Protein chains: 2
Amino acid sequence: MTDTPRRVLLDEHELPRHWYNITADLPEAPPPPLHPGTHEPIGPDDLAPLFADALIAQEVSSERYIEIPEEVRDVYAMWRPTPLIRATRLERLLDTPAQIWFKYEGTSPAGSHKPNTAVPQAYYNAREGVRRLTTETGAGQWGSALAFAATQFDLECEVWQVAASFQQKPYRASMIRTWGATIHSSPSELTAAGRQVRERDPDSPGSLGIAISEAVEAALADDATHYALGSVLNHVLLHQTVIGEEALTQFAKVGLTPDLIIGCTGGGSNFAGLSFPFLREKLAGRMSPHILAVEPASCPTLTKGEYRYDFGDLAGMTPLMKMHTLGHDFIPDPIHAGGLRYHGMAPLISHVYELGLIDATAMPQTACFEAGLNFARTEGIIPAPEPTHAIAAAVREALACRESGEEKVILTAVCGHGHFDLSAYDAYLSGELVDHELDTDQIAEAMSRVPVIAE
Amino acid sequence: MTDTPRRVLLDEHELPRHWYNITADLPEAPPPPLHPGTHEPIGPDDLAPLFADALIAQEVSSERYIEIPEEVRDVYAMWRPTPLIRATRLERLLDTPAQIWFKYEGTSPAGSHKPNTAVPQAYYNAREGVRRLTTETGAGQWGSALAFAATQFDLECEVWQVAASFQQKPYRASMIRTWGATIHSSPSELTAAGRQVRERDPDSPGSLGIAISEAVEAALADDATHYALGSVLNHVLLHQTVIGEEALTQFAKVGLTPDLIIGCTGGGSNFAGLSFPFLREKLAGRMSPHILAVEPASCPTLTKGEYRYDFGDLAGMTPLMKMHTLGHDFIPDPIHAGGLRYHGMAPLISHVYELGLIDATAMPQTACFEAGLNFARTEGIIPAPEPTHAIAAAVREALACRESGEEKVILTAVCGHGHFDLSAYDAYLSGELVDHELDTDQIAEAMSRVPVIAE
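The shown structure was predicted, so the numbers you read here are calculated from the model rather than taken from an experiment. (Residues numbered from 1 in each chain as written. Chains lettered and ligands numbered in written order. Predicted model: local features only at pLDDT ≥ 70, side-chain atom pairs only at ≥ 80, totals over all residues. Heavy atoms only, no water.)

> Account for the confidence of the model for chain A, with residues named and values stated.
Segments scoring low in pLDDT should not have their predicted coordinates read at a detailed level. Per-residue confidence for chain A gives a mean pLDDT of 94, with 99% of residues at or over 70. For this predicted complex, the interface confidence comes out at an ipTM of 0.94, alongside a pTM of 0.95. (pLDDT = per-residue confidence, 0-100.)

> Can you break down the interface of chain B and chain A residue by residue, with the values?
Contacts between chain B and chain A engage 46 residues on the former and 46 residues on the latter. With both sides pooled, the region where chain B packs onto chain A buries about 4300 Å², and carbon together with sulfur makes up 50% of that total. Joining chain B to chain A, the criterion identifies six salt bridges. A salt bridge links Arg6(B) to Asp74(A); the shortest N-O distance between them is 3.3 Å. The interface formed by chain B and chain A holds 35 residue pairs in polar contact (both at pLDDT 80 or more) in total. Of all the secondary structure elements, the ones that give two or more residues to the side of chain B that touches chain A are helix H3 (70–76), helix H4 (88–94), helix H6 (141–152), helix H8 (170–178), helix H16 (365–379) and helix H18 (422–429) of chain B. Counted by class, the side of chain B that touches chain A contains 22 nonpolar, eleven polar and 13 charged residues. (Contact = heavy atoms within 4.5 Å. Buried area = accessible area lost by both parts, 1.4 Å probe. Salt bridge = Lys/Arg side-chain N within 4 Å of Asp/Glu carboxyl O. Polar contact = N/O pair within 3.5 Å; in protein donor to acceptor, adjacent residues only side chain to side chain. Helix = DSSP H or I, 4+ residues; strand = E, 2+ residues; numbered from the N terminus. Nonpolar A, V, L, I, M, F, W, Y, C, P; charged D, E, K, R; others polar.)

> Describe in detail the nonpolar core, supporting the description with residues and values.
One finds Trp19(A), Tyr76(A), Val119(A), Phe276(A), Ile349(A) and Leu411(A) to be the most contacted residues of the largest nonpolar core, which totals 84 residues. The element that contributes the greatest number of residues to this core is helix H6 (residues 141–152) of chain A, accounting for seven residues. Listed in part, the 51 residues of the second largest apolar core include Ala424(A), Tyr425(A), Leu155(B) and Ile183(B). (Core = buried A, V, L, I, M, F, W, Y, C linked by side-chain atoms within 4.5 Å. Buried < 20%, exposed > 50% of the residue type's maximum accessible area, 1.4 Å probe, protein only.)

> Quick one: what's the story with the packing of helix H13 (residues 269–283) of chain B against helix H15 (residues 347–354) of chain B, residue by residue and with numbers?
Residue and element names in this part refer to chain B. Between H13 and H15, the shortest axis-to-axis distance is 11 Å and the interhelical angle comes to 45°. For the element pair H13 / H15, the angle class is oblique. At the point where H13 passes H15, the crossing takes the left-handed sense. Only Leu348, Ile349 and Val352 of H15 make contact with H13, whose side of the interface consists of Phe271, Ala272, Phe276 and Leu279. Within the contact of H13 with H15, the residues separate by chemical class into seven nonpolar, no polar and no charged. (Axes fitted to C-alpha atoms, helices over the stretch in contact; angles between N-to-C directions. Parallel < 35°, antiparallel > 145°, perpendicular 65-115°, else oblique. Left-handed = near helix turned anticlockwise from the far one by under 90°.)

> Which residues make up the packing of helix H5 (residues 115–127) of chain A against H6(A), and what values go with them?
Residue and element names in this part refer to chain A. Running from amino to carboxyl end, H5 crosses H6 at an angle of 40°, the nearest separation of the two axes being 8 Å. As far as their axial angle goes, H6 and H5 are oblique. By crossing handedness, the relation of H5 to H6 is classed as right-handed. Contact residues: Pro115, Thr117, Ala118, Val119, Gln121 and Ala122 in H5; Trp142, Ala145, Leu146, Phe148, Ala149 and Ala150 in H6.

> Which residues make up the relation of the copies chain B and chain A, and what values do they have?
Of the transformation superimposing chain B on chain A, the axial component is 0.0 Å and the angular component is 180°, with the fit at an RMSD of 0.0 Å. Put plainly, the chains are arranged around a two-fold axis. The fraction of interface residues of chain B whose copies in chain A are also interface residues reaches 100%, indicating that both copies meet through the same surface. (Least-squares fit on C-alpha atoms with pLDDT ≥ 70 in both.)

> I'd like a rundown of the packing of aromatic side chains, residues and numbers included.
All names here are of chain A. Enumeration according to the criterion identifies 27 aromatic pairs over all chains in this entry. Each residue in the set Tyr76, Trp79, Phe148 and Trp179 is aromatic and connected to the rest through ring pairs, giving one cluster. Over the face of the ring belonging to Tyr20 we find Arg280, whose NZ or CZ atom lies 4.6 Å from the ring centre. (Phe/Tyr/Trp six-rings, centres within 6.5 Å; stacked < 30°, edge-to-face > 60°. Lys NZ or Arg CZ within 6 Å of the ring centre and 35° of its normal.)

> Describe the environment of Glu455(B), with residues and values.
All names here are of chain B. Within the secondary structure layout, Glu455 lies in the segment after helix H19 (440–448). By relative accessible area, which is 71% here, Glu455 ends up exposed. Between the alpha carbons of Glu455 and Ala139 there is a distance of 37 Å; along the sequence they are 316 residues apart. Residues in contact with Glu455, not counting those within four places in the same chain, are Tyr309 and Lys322.

> Quick rundown of unusual backbone geometry? Include the residues and the values.
Going from Ser186(A) to Pro187(A), the amide bond is cis rather than trans, its omega being 5°. The amide bond that connects Arg80(B) to the next residue, Pro81(B), takes the cis arrangement and shows omega of -10°. By secondary structure assignment, the location of Pro81(B) is in the loop between H3 and strand S4 (84–86). Even without a glycine there, the phi angle at Asp95(B) is positive, about 55°. For Asp95(B), a relative accessible area of 55% gives the class exposed. We note that Asp154(B) has phi near 55°; this positive angle belongs to a residue other than glycine. Structurally, Asp154(B) is set in the loop between H6 and strand S7 (156–162).

> Outline the state of the cysteines, supporting the account with residue identities and numerical values.
All names here are of chain B. Within the structure shown, the criterion is met by zero disulfides over all chains. Take Cys264: it sits in no disulfide, and the sulfur closest to it among the cysteines is that of Cys415, at 4.0 Å. Residue Cys264 is classed as buried on the basis of its relative accessible area, which comes to 4%. (Disulfide = S-S within 2.5 Å.)

> How would you sum up empty space enclosed by the protein? Please name residues and give values.
Applying the stated criterion across every chain yields a total of four cavities of 30 Å³ or more. By volume, the largest cavity is sized at about 630 Å³. Around the largest cavity, the lining is made up of 38 residues, and of these Tyr104(A), Thr107(A), Tyr104(B), Gly106(B) and Thr107(B) lie nearest the centre. Grouping the amino acids of the lining of the largest cavity by side-chain chemistry returns 22 nonpolar, twelve polar and four charged. Asn21(B), Ile22(B), Asn234(B), Leu238(B) and Leu348(B) are, among the 13 residues lining the second largest cavity, the residues nearest its centre. Those elements that provide at least two residues to the lining of the second largest cavity are helix H2 (53–60) and helix H11 (234–240) of chain B. (1 Å grid on protein atoms, 1.4 Å probe; cavity = no way out; pocket = protein on both sides within 12 Å on 5 of 7 lines; lining within 4 Å. Points joined across faces, edges and corners; volume = space filled by probe spheres on them.)

> Kindly report on the pattern of salt bridges, identifying the contributing residues and their values.
Here the structure, examined in full by the defined rule, presents 42 salt bridges over all chains. Close ionic contact of Arg89(B) with Asp74(A) constitutes a salt bridge, the shortest N to O distance being 3.3 Å. Pair noted here: Arg89(B) is in helix H4 and Asp74(A) is in helix H3 (residues 70–76), and the two residues belong to different chains. In this pair, the class of Arg89(B) matches that of Asp74(A), namely buried. The salt bridge partner of Arg17(B) is Glu70(B), with a shortest N-O separation of 3.9 Å. Remark: Glu70(B) occurs in helix H3 and Arg17(B) occurs in the loop between strand S1 (7–8) and strand S2 (18–20); sequence separation between them is 53 residues.

> Report on the sheet that holds strand S6 (residues 132–137) of chain A, specifying residues and quantitative values.
Residues and elements named next belong to chain A. Here four strands make up an open sheet; going across it, the order is S8-S7-S6-S9 and the pairing parallel. Here the strands that pair on one side only, and so sit at the sheet edges, are strand S8 (182–186) and strand S9 (225–227). On average, adjacent strands in this sheet sit at an angle of 25° to one another, irrespective of strand direction. Where S6 and strand S7 (residues 156–162) come together, six bridges link them in parallel fashion. Paired with Arg132 across the bridge in S7 is Glu156. (Pairing = 2+ DSSP bridges.)

Next up, the structure:
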């Protein structure tokens, strides 16, 4: 065995007691969201029909630490703290002097980091008397996380899944039903938004935009029903900071500090959850890690998008958020890392990026699957396609260390396992996966439809 | 949070250093396996073409403890020690004064307890110069475990999967390929055994019996190739005792001893792995747990089978083993717990059962899925269909405690997650699953073809 432990575990009592709100430590506050009609800053009242009061308060809070309720910690304790694992076998394969550590979030019931926010969202809603939650899901990661969380607090849960995924990937839907939630193929006949689409196109494959509209419509139609979102918003990023807080404690146990923190970014919640607590330490001068966001080359919001006010959804019904965007109607190529195919980036991450506190890079999917395969064959864990982006960047950095001789300590997160993505690995192994050329014309066209806001 | 920890974790250095060989502590040794032709006891030489010397030595060893090689512990440490978890939410649902604890083996790379033996089997073979391992697999649990283990020791691995599963459940095959192994649909054109079947029936759905024949034939055809088996044999049960040894340490940490230990049984390796270390303590008078094996009502080898010498495979090519059997050509109903559909029971477990050291019960599958669903909705983890049998029995015992007021400490094992079995949960939820009437005529007929051995 290696001398230092390979898995750094924490006991239940070491589970963080607070989430970390980075806005408290930023030199300037991020720009506020705007009403889609009036272009005026929106207030809590605008959000009340959809979200629990406690979540709206967290969305706009400037408190540094927000206490994690005991009831939420009690559910977290079913799988948290998650292990911090050193990828010694991968290091050996790469023959690198670098250390590669990863925080593994695949041990949660739903197999990803998503329950970290699904659980508090369900808890606060249940506490405020809500009886049903609605949401949308693409491949099903978020929908299954919310279904699990809802069953813990005796909430009903209704999920609209993009029709194409509903048909092609039935297993996440089975998981959602196993946890007692209801799932609909979107567009459905249950909402005006769905019926409208089906009238025009009875065989519509659906889209996240349509599914959001359906879930929101269903939530607005019933006072006892709220809506839940799995990424992008401040309170979602907040809840995910348990990942980074645990990792800080774990590194302290083995007397290390990371030199480089690498996370994959779609909406941004996993990246923020891993890195923001370390960014706090960096801002306070207690450590100095380099922080790197990795996005897919086919959906490069940070590296190729503009920092503009834009809608969060395809249909332009959500508040306008200032964020890195490729245009709200930009449709990225159908890469396998479905969780990273979002046209925008969380406003908070976009803001932090503009402040120069983090870096970003983009990775093509075949390089990611190559790294994912090497990871699976050395570390045993088959990562979901999303974290292979971070792994690919970590591998690149570790190989650079082989050249330079640097003994960098690299931290990344494997934010989910790939048990429901094995057909993607098959496609890679049989040479069917390709890297799509980025369609810059499509981006330019999508950006031309982003509203111009006078600031 | 509850006062006692819900998850009892062990550090890497608490990983067991020895496997436990129960034959050392039994009042009499189990009857020896016999040569299928001569009916004489077989010796190590008979097994040498298929198995590594170290494994053959373990198969016949009477040493109480066998050291786990450092190289094996180093791979175990990727996911072991596994957590011991108290099912507090399930207890609450059942309103029982009993404590229900489960050892969770689903955190292994392959998602089940199977790597506990796949890893040492790969290790010893690699150490003895073997370059390739062959095996058969049904639904794919064992095949994927061996593929993972082989990649850790740079062995080639070739898996014959029963054609029906190969076609209907492609994801385990993808997993096997992701770990770099080769997989064939069985019957294949690669072996005489396979070709023979295909000649008669080009569309044969295959069977475990045919797949075993193919894997054994391929191993015999090449000096650098050995065969690996995932259950039934003594050395396989031996390797699984890490489960029980860890659980003993974990219970000691919280100052508890189990009153009742419940495991599901197919070939028997998971049950033996969990219970044999506790049985040692019981035999030594240090604790007195009741030990219960749970088998499917449609394949009740312990409760309805005879204790006889019989073949391990359908075709009658393996050594004769004295075991509880329903007849080597008995084909159980196609229940979803494929891992429990074996006509015989491990000779060592059969022997221990005959000695009166353990009890057995049989459970119909709908009751098992009902328990599995309640477990998933309370504890978050979706169990594979196999461990739902043990969960169902644990629930029954916990409900009995509600009646009697007894505060029993129940221990069971969730030997694998159900991520690749979600269609079975769907079938249960939609009311499609039924309990098959046990075909006693078929058993009687199969038993009539079991050879009569003069003892």
